[in-house]
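One letter stands for each residue in the lines below.
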Amino acid sequence: MLTITLFALGSLSGCATRVAWEVRPAPVVALDTTNIAVATEDRACKPVADRLVRTLSARPGVYIQPRAETRLVVESCEQFVETTVEIQQNQAEAGTLSTDLRRTTVVGQGLATVGVYSGQDRIAELEVSVDLQDRADWNATGQGGPQVAGMSRGVDDELALSIADQVAPLPKDLKRRMYKDAEPGTARALHNQAVVAEQDGELNLALSLAEEAYAANPTSSNMRYLEELEHHAETVGFVFATPVEIEE
């Protein structure tokens, strides 16, 4: 059972508290992750597949079995890494030598396609892409900046992480404001009801209540909660929560 945590906000918040609970985003493809294999037939994809095994193995409830019926096959991988060196010319003062400053930027892009198989049947396809950038500070030598090899490894790591997030996303913490002693029918009371409905996983009801709260009191904080709730409804599959009680 998950414990709801209450956080005091202080006098400027209008007698409010924060409640927190844990949610788990819905996977793009629902799979039995307690028995899953990772493979590739493309030599170029082996670094991504190897990192995917390590990433998934570290996630709760995921068990990699090489001969499992459910398989993630990293079928194609593309990677592009580009290095740019900028030179800044400094004006020399009298009696001194001019010094050119250099700054190195390495940009990496990657794309991977993963086939999801159950036995011999291809049941789904995942596509992930990443864009990374690493930029050094200006210096006189241009040394010690980002390296192509490091960026290449970073792209592989991020591709593996993106695949894992689509199959076995990690839980996230949500924190919401709750108002004490909110009078029935007020915007604050409607907001509180929306938060409780959100905790219970009744997201359609929560959205309706949040819209009513904003209509009753169109503040930036009520709009922000409505936007956060819409994002939650789009990305979260189910909720771990216990009923919340606000105490003095």
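Residues numbered from 1 in each chain as written. Predicted model: local features only at pLDDT ≥ 70, side-chain atom pairs only at ≥ 80, totals over all residues. Heavy atoms only, no water.

Caption draft 1: Up close: the overall build of the chain. A count of helical and extended segments in the chain gives five helices and eight strands. Traced from its N-terminal end to its C-terminal end, the chain shows the element sequence β-β-β-α-β-β-β-α-β-α-α-α-β. Long-range pairs, those at least 24 residues apart, make up 70% of the contacts in the chain between residues at least 6 apart in sequence. Taken as a whole, the chain presents about 14,600 Å² of accessible surface, with 47% of it coming from carbon and sulfur. (Helix = DSSP H or I, 4+ residues; strand = E, 2+ residues; numbered from the N terminus. Contact = heavy atoms within 4.5 Å. Areas by Shrake-Rupley, 256 points an atom, 1.4 Å probe, with all protein chains shown as cover.)

Caption draft 2: Representation of the pattern of salt bridges in the model. The full count for this structure, using the stated rule, is eight salt bridges. The partner of Asp-157 in a salt bridge is Arg-51, and the shortest N-O contact between them spans 2.6 Å. Of the two residues, Asp-157 is situated in helix α2 (residues 148–167) and Arg-51 in helix α1 (residues 46–57); the sequence distance between them amounts to 106 residues. Asp-157 sits in the partly exposed class, given a relative accessible area of 36%. For Arg-51, a relative accessible area of 16% corresponds to the buried category. (Salt bridge = Lys/Arg side-chain N within 4 Å of Asp/Glu carboxyl O. Buried < 20%, exposed > 50% of the residue type's maximum accessible area, 1.4 Å probe, protein only.)

Caption draft 3: Region of interest: the nonpolar core. In terms of nonpolar packing, the biggest core is built from 29 residues, with Leu-31, Leu-52, Leu-56, Leu-72, Val-74 and Leu-159 touching the most fellow members. Secondary-structure elements contributing two or more residues to this core are β3 (36–40), α1, β4 (70–89), β5 (100–118), β6 (121–135) and α2. For this core, the element with the most residues is α2, which contributes seven residues. The contact partners of Leu-72, leaving out residues within four places of it in the chain, are Leu-31, Ile-36, Ala-37, Val-38, Ala-39, Leu-52, Leu-56, Val-114, Gly-115, Val-116 and Val-167. Ranked by size, the runner-up nonpolar core spans 18 residues in total, among them Trp-21, Leu-174, Ala-206 and Ala-210. (Core = buried A, V, L, I, M, F, W, Y, C linked by side-chain atoms within 4.5 Å.)

Caption draft 4: Region of the structure containing the state of the cysteines. Across all of its chains, the model carries one disulfide by this definition. Between the sulfur atoms of Cys-45 and its disulfide partner Cys-77 the distance amounts to 2.3 Å. Of note, the bridge from Cys-45 to Cys-77 carries an S-S torsion of about 130 degrees and is right-handed in sense. Here the residue Cys-45 occupies a position in the loop between β3 and α1, and Cys-77 occupies one in strand β4, the gap between them amounting to 32 residues. On the accessibility criterion, Cys-45 (0% relative accessible area) is buried. (Disulfide = S-S within 2.5 Å.)

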